[in-house]
Amino acid sequence: MNKNKKNSRRQFLKLGAGSAAGAVIFLNSNPAKGNTSVDYVKTDHILHPNSAACLVDITKCIGCRQCELGCRISHDHKIPEVNTDNIAEKRRPDSKQNTVVNNFKIDNSDNFVKIQCMHCLKPACESACIVGALTKRADGPVVYDADKCIGCRYCMVACPYEIPAYEYHNSLTPEVVKCDFCTSLSSDDKKESGPAGPSCAKVCPTGALLFGNRETIIKIARGRIEADKDRYFPHVYGEFEAGGTSWIYLGPADFSNFNLPPFEKVPSSQLTEAIQHGIFKFGAAPVAFYGALAALMHFKKRNNDNKETGKEKSIKDGDKKIEDSSDV
Ligand code: SF4
Ligand code: SF4
Ligand code: SF4
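Given the structure is predicted, the values throughout are model-derived calculations rather than measurements.

Colleague: Any chance you could explain the overall build of the protein here in plain terms?
Modeller: Looking only at helices and strands, one finds 9 helices and 9 strands in the protein. Expressed as a percentage of its 328 residues, the buried residues of the protein come to 45%.

Colleague: Any chance you could explain the site of ligand 1 here in plain terms?
Modeller: Near ligand 1 lie 13 residues; those nearest to it are Cys117, Cys120, Pro123, Cys125 and Cys159. Per-class residue counts for the shell around ligand 1 are 11 nonpolar, 1 polar and 1 charged.

Colleague: Looking at this structure, how should I read unusual backbone geometry?
Modeller: Most peptide bonds adopt trans geometry, and most residues besides glycine take a negative phi value. Positive phi outside glycine occurs at aspartate 107, with the angle close to 50°. Tracing the backbone through its elements, the reader meets aspartate 107 in the loop between strand 2 (100–103) and strand 3 (112–115). A residue is classified by how many C-beta atoms lie within 10 Å of it, and aspartate 107, with 10 of them, is exposed. Even without being a glycine, asparagine 259 presents a positive backbone phi close to 65°. Residue classification places asparagine 259 among the partly exposed positions, given that 15 C-beta atoms sit within 10 Å.

Colleague: Would you explain the site of ligand 2 in this entry?
Modeller: What surrounds ligand 2 is a group of 14 residues, the closest being Cys71, Thr99, Cys179, Pro198 and Cys200. When residues of the shell around ligand 2 are traced back to their parent elements, those giving at least two are helix 2 (66–74) and helix 6 (199–203). By residue number, the principal contributor to the shell around ligand 2 is helix 2, which donates 3 residues. Considering only residue class, the shell around ligand 2 consists of 6 nonpolar, 7 polar and 1 charged.

Colleague: Any chance you could explain the environment of glycine 197 here in plain terms?
Modeller: Within the secondary structure, glycine 197 sits in the loop between helix 5 (187–192) and helix 6. Each C-alpha atom, one on glycine 197 and one on leucine 209, is 9.8 Å from the other, the two residues being 12 residues apart in sequence.

Colleague: Got a minute to help me understand helix 7 (residues 214–227) in this structure?
Modeller: An α-helical turn contains 3.6 residues, so a residue and the one three or four places further along point in the same direction. Given a rise of 1.5 Å per residue, 14 residues ought to cover 20 Å, and the 20 Å separating the end C-alpha atoms of helix 7 matches this to within 8%. For helix 7, a buried count of 11 out of 14 residues is recorded, marking the element as mostly surrounded by other parts of the structure. Buried within helix 7 we find Arg214, Thr216, Ile217, Ile218, Lys219, Ile220, Ala221, Arg222, Gly223, Arg224 and Ile225.

What counts, and at which threshold
Residues numbered from 1 in each chain as written. Chains lettered and ligands numbered in written order. Predicted model: local features only at pLDDT ≥ 70, side-chain atom pairs only at ≥ 80, totals over all residues. Helix = DSSP H or I, 4+ residues; strand = E, 2+ residues; numbered from the N terminus. Buried ≥ 20, exposed ≤ 12 C-beta atoms within 10 Å, placed from the backbone. Near = placed C-beta within 6 Å. Nonpolar A, V, L, I, M, F, W, Y, C, P; charged D, E, K, R; others polar. Expected span 1.5 Å × (residues − 1).

Here it is as structure tokens:
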């Protein structure tokens, strides 16, 4: 893994600003802006209003997995080839790949969905980590500091998206591994792969991934829904789920079809904060600690149950693959 942790916050914001400029151009050219009939609500309470985000438009993804490859190459994960033979397998990010793309069939139509750390606005991993090894930056990324990590893996238990992986194969210096929003890349790495945005978004050939300012990304997502109500399910996933995330999804159907659970607006970090409080404020009281863990597991189970019983509310006719990649 590339360990250049000197990459500055200023650089990340610069990237976000560059992409946001392009995003704004798209927004201003969108004839559907201003219509308010979809089911989102105002976002004036959102944390980190100037942070970066990345949009995943499931309707534009063709499952080529170039994003996986771009991520692995830029992070020195030694699996160079792209394999699409196992596209129907429900893979998870692991210690050798920060992101994966899976196929979710609906009525024989393909729906390719990229997953990675969601870079939550109020991350449960951060609040569960008792030594501060995971931190939400004001500019968007949730970053990991291996020097602080004690290997307790509470972050893995806490994450509502079950994202952090652990280098079990590395017996001497194991680390927690997850998407870092490309903050670990050196300036040279970034120059090699283009002017703006994380590696995965840069290499996507269809424009299914769009990096920019979070508020702008959400406006763009709403604009796309309004512009093509047959194409999109009327919901911007990640605007509020689990307290809001920095990866935002648009799709053709209810997101429970794509293993994106209908988390409530309350951040799951509120539960994991209780773990820290139990340890530090009450002298590691076992009751408080295990009570918080039980509450967290209940939160995750309830959302998994919701996910399994979630009904598809709207599937557009056919057209699950990209038709038009020119609007980004
Ligand atoms: S998705 Fe999980 S690992 Fe990523 S920021 Fe959220 S809680 Fe942390
Ligand atoms: S943002 Fe960077 S680390 Fe995260 S999935 Fe994309 S390429 Fe990988
Ligand atoms: S997000 Fe883009 S690069 Fe990744 S599989 Fe979909 S189309 Fe390919």
